[in-house]
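Letter by letter, the chains look like this.
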Amino acid sequence: MIPLLFLVVFAEGVVAFLLLVKIGPLRELVIKGLDQVKVGKGPATVKTIAGTMSVILLSNFFSIVKIQNKGAKIGTMTPMDQVLWRTHLLEASLMGFCLFLGFLIDRMHHYLRKLMGIRGTIGASKEEIERLTKEKMQLKEKEEKATNEMKLLQKEVSYLKENMNKLKLESEEKDKRVETAESHVAALQKQSADLLLEYDRLLEDNQNLQTQGFGYRT
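Computed from a predicted model, the values in this text were never measured in an experiment.

Visitor: I'd love a proper account of the overall build of the protein, names of residues and values included.
Guide: Along its length, the protein carries four helices and zero strands. For the protein, the C-alpha atoms occupy an extent of roughly 205 × 30 × 30 Å along the three principal directions. Out of the 218 residues in the protein, the part that is buried amounts to 14%. Considering only contacts within the protein whose residues lie at least 6 apart along the sequence, 73% involve residues at least 24 apart. In the structure as shown, the protein presents an accessible area of about 17800 Å², 65% of it carried by carbon and sulfur atoms. The average position of the 32 basic charges and that of the 27 acidic charges among the side chains of the protein differ by 23 Å.

In structure tokens, the structure reads:
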């Protein structure tokens, strides 16, 4: 019994050490092994073993108390009682240490699993933050590009407005020139009409004069 308890304590100590200290992939292997133990009938088996060891621990404790009470009554313990007392004490100590290490390993495994989950969540959050940062940068670049395009469009609109104003002014000047030309043409037409009338009058006067001159000759 005692060699087996020493072996169990040694094994639990190794497992606890590997959980505490990360040595290559050994911690992950130990955690996976403990995960397998906690699946299916594993927890019930572990509880049964722990309960049995607790009962044996209590039995050893009562045996120790019984031997001490017997020695107190007699005044001294016989060599046989001393051997039994030491044996029960050693077994009780080893069992108590086994149960303590088992509880410690269970808690360490639980919190390491929590820590790994938190790290995974943090990693996913970091990736999400990086993705959002990239999207933000892309949106900022698009916004800057759109702003530049808007500025270019505004410049083009301003240029077109200036051209339209220039064309409008040129059109107004041409309209004024056309109006001036039309007025000048109208004046020329009126002058031409006046000249034609004057020319007709002169012709008529000339004819009258010629008629009168011909009358004087006859």
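Visitor: So, the confidence of the model for the protein: which residues are in play, and what are the values?
Guide: One rule of thumb: low pLDDT means the predicted coordinates there are not for detailed reading. Looking at the protein, the pLDDT average stands at 85 and 98% of residues meet or exceed 70. Between the elements of the protein, mean pLDDT differs from a low of 82, seen in helix H3 (residues 42–74), to a high of 87, seen in helix H4 (residues 79–217).

Visitor: How would you summarise the layout of surface pockets if you had to cite specific residues and measurements?
Guide: Empty space among the atoms becomes apparent when a probe as large as a water molecule is rolled across them. By volume, the largest pocket is sized at about 810 Å³. Lining of the largest pocket is provided by 26 residues; of these, Glu-12, Val-37, Val-46, Gly-102 and Phe-103 occupy positions nearest its centre. Every element with two or more residues in the lining of the largest pocket is listed here: helix H1 (2–20), helix H2 (26–37), H3 and H4. The residue makeup of the lining of the largest pocket, split by class, is 18 nonpolar, four polar and four charged.

Reading guide: rules and limits
Residues numbered from 1 in each chain as written. Predicted model: local features only at pLDDT ≥ 70, side-chain atom pairs only at ≥ 80, totals over all residues. Heavy atoms only, no water. Helix = DSSP H or I, 4+ residues; strand = E, 2+ residues; numbered from the N terminus. Buried < 20%, exposed > 50% of the residue type's maximum accessible area, 1.4 Å probe, protein only. Contact = heavy atoms within 4.5 Å. Areas by Shrake-Rupley, 256 points an atom, 1.4 Å probe, with all protein chains shown as cover. Lys, Arg positive; Asp, Glu negative; His and termini not counted. Charge placed at Lys NZ, Arg CZ, Asp CG, Glu CD. pLDDT = per-residue confidence, 0-100. 1 Å grid on protein atoms, 1.4 Å probe; cavity = no way out; pocket = protein on both sides within 12 Å on 5 of 7 lines; lining within 4 Å. Points joined across faces, edges and corners; volume = space filled by probe spheres on them. Nonpolar A, V, L, I, M, F, W, Y, C, P; charged D, E, K, R; others polar.

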